[in-house]
Amino acid sequence: MAAPAAADATPVGPAVPAARPRRRHRALRRLAVRGPQYLLIVLVAASANFALPRMMPGNPVDLLLGEDANRLPPETIADELARVGLDQPLVVQYGRYMAGLARGELGCSFRHRKPVSTLLRERLPWTLLLVGTALVVSTVLGVALAALAAWRRGRRRDTGSIALFTFLESTPPFWIGLLLLIWFAATLRWFPLFGHMSLDRTTGLARVGDIAHHLVLPAATLVLSSVGAVFLLARASLLGVIRDDYVLVARAKGLRERTIAVRHALPAASLPIATSVLLRVGALAGGAVIIERVFTYRGVGSLLLEASFGRDYPLLQGGLFVLTVIVVGANLVGDLIYPRLDPRVQR
């Protein structure tokens, strides 16, 4: 009778790579080193967000009280200053602002008389939808077209692509937005002229389609204004690896060109592309401020412009702080995944 071999058998199931705990330890150690640096950046940016609105010309109380502010009694102006907290010295205002941030409070808007966090919760999802859509589409489109151009380098299509994307890269986003608005919305009437959704009470898939319909032109503007940078960087990065020995060996083995591009060339060229994608979060968020104004899109950008015109200090501080945290967070994520893309960074 054969002896049971269970005691000597190799354990069944997926084996845990020995390098995984070591990678996790390195990632936590990198987070412990980088985290305080990024926190310091957030604190400096928060201080700048407090100072910059107060450096703008104009008195917010005059704007709140209207054109008759100069004819109002001093007691009324003093009461308004006390209501918005501007009767205190700047040091006291700064201390209250930083203490509020530590508690997770962004203050109360001068003009809307609502908590800033409430106003941002209403607008931030629309900005994230716009910026996220533009980021994904421009990255996929730019990398795909760059791969086609790099594989057909020197031909007319490659030269034409370089000229087209260089032109788009140097074109102001608001100009692209105005052209799309005039042609596709005002002339052809394919898309709505303004807004983030219709005022009717549609629900379900009809509501989703309506939101997507309103999103097309603002997102297309951001895509056209940013895809050029992705294309030029990805093409240059691919041309740097396309003549490497391992690509030549893969081609000599008879692999298809698509397989060589997807499995060998693109992963090797992904580090600068990933860097560009994460850095463009800040650029797209800044561009969304203008684009939302052009299309009257209900996002944080249009809210910040209204706050800037009305000298609404708490709303400006809170909106800029939230955008700062998003951009710094994206850069921190990029910093943490660098070692996975390029092991030489760990050395």
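Preceding block: the structure.
Here we summarise the structure given alongside this text. Every value quoted in this text rests on a predicted model; they were computed, and no experiment measured them.

## Digging into the overall build of the chain
- Of the regular secondary structure elements, the chain holds 13 helices and 0 strands.
- Secondary structure elements of the chain, listed N to C terminal, follow the sequence α-α-α-α-α-α-α-α-α-α-α-α-α.
- Computed over C-alpha atoms, the radius of gyration of the chain comes to 26 Å, more than 25% over the 20 Å expected from 2.2 N^0.38 for 347 residues, which places it beyond the range of a compact globule.
- Of all intrachain contacts in the chain linking residues separated by at least 6 positions in sequence, the fraction that spans at least 24 positions is 75%.
- For the chain, the exposed area adds up to about 20400 Å²; of that, 65% sits on carbon and sulfur atoms.

## Structural notes on the packing of aromatic side chains
- All told, the structure shown has 6 aromatic pairs when counted by the stated rule.
- Taking the centre distance of 5.6 Å and the plane angle of 25 degrees together, the rings of Phe50 and Tyr97 count as stacked. Taken together, the positions of Phe50 in helix H1 (residues 19-55) and Tyr97 in helix H4 (residues 90-102) put the pair 47 residues apart, joining distant regions of the chain. Comparing Phe50 with Tyr97, the two get one shared label, buried.
- Taken together, the ring pairs in this structure connect Phe50, Tyr94 and Tyr97 into an aromatic cluster.

## Section: the nonpolar core
- In this structure, Leu130 and Leu222 are the most contacted members of the largest nonpolar core, which totals 33 residues.
- Those elements that provide at least two residues to this core are helix H5 (116-151), helix H6 (156-169), helix H7 (173-187), helix H8 (204-241) and helix H11 (270-294).
- Top contributing element to this core by residue count: H8, with 10 residues.
- Contacts of Leu130, omitting those with residues within four sequence positions, involve Leu215, Pro218, Ala219, Leu222, Ala288, Glu292 and Tyr297.
- Listed in part, the 22 residues of the second largest apolar core include Leu120, Leu124, Ala307 and Val322.

## Notes on the environment of Val227
- Note that Val227 resides in helix H8.
- When its relative accessible area of 2% is taken as the criterion, Val227 is described as buried.
- The spacing of Val227 and Ala51 is 176 residues in sequence and 34 Å in space, taken between C-alpha atoms.
- If we skip the residues at most four places from it in the chain, Val227 touches Ser138, Leu141, Gly142, Phe165 and Leu168.

## Describing the layout of surface pockets
- Approximately 450 Å³ is the volume attributed to the largest pocket.
- Lining the largest pocket are 22 residues, with Val84, Arg96, Gly107, Cys108 and Pro314 positioned closest to its centre.
- Sorting the residues of the lining of the largest pocket by element identifies H1, helix H3 (74-84), H4 and helix H13 (313-341) as the ones contributing at least two each.
- In terms of residue count, the dominant contributor to the lining of the largest pocket is H4 (5 residues).
- A per-class count over the lining of the largest pocket returns 11 nonpolar, 6 polar and 5 charged.
- In this model, the second largest pocket occupies a volume close to 280 Å³.
- Lining the second largest pocket, in full, are Val143, Ala144, Ala147, Leu148, Trp151, Arg152, Arg155, Glu257, Arg258, Ala261, Val262 and Leu266.
- Residues that form the lining of the second largest pocket fall into these classes: 8 nonpolar, no polar and 4 charged.

Conventions we followed
Residues numbered from 1 in each chain as written. Predicted model: local features only at pLDDT ≥ 70, side-chain atom pairs only at ≥ 80, totals over all residues. Heavy atoms only, no water. Helix = DSSP H or I, 4+ residues; strand = E, 2+ residues; numbered from the N terminus. Rg over C-alpha atoms; globule rule 2.2 N^0.38 Å. Contact = heavy atoms within 4.5 Å. Areas by Shrake-Rupley, 256 points an atom, 1.4 Å probe, with all protein chains shown as cover. Phe/Tyr/Trp six-rings, centres within 6.5 Å; stacked < 30°, edge-to-face > 60°. Buried < 20%, exposed > 50% of the residue type's maximum accessible area, 1.4 Å probe, protein only. Core = buried A, V, L, I, M, F, W, Y, C linked by side-chain atoms within 4.5 Å. 1 Å grid on protein atoms, 1.4 Å probe; cavity = no way out; pocket = protein on both sides within 12 Å on 5 of 7 lines; lining within 4 Å. Points joined across faces, edges and corners; volume = space filled by probe spheres on them. Nonpolar A, V, L, I, M, F, W, Y, C, P; charged D, E, K, R; others polar.

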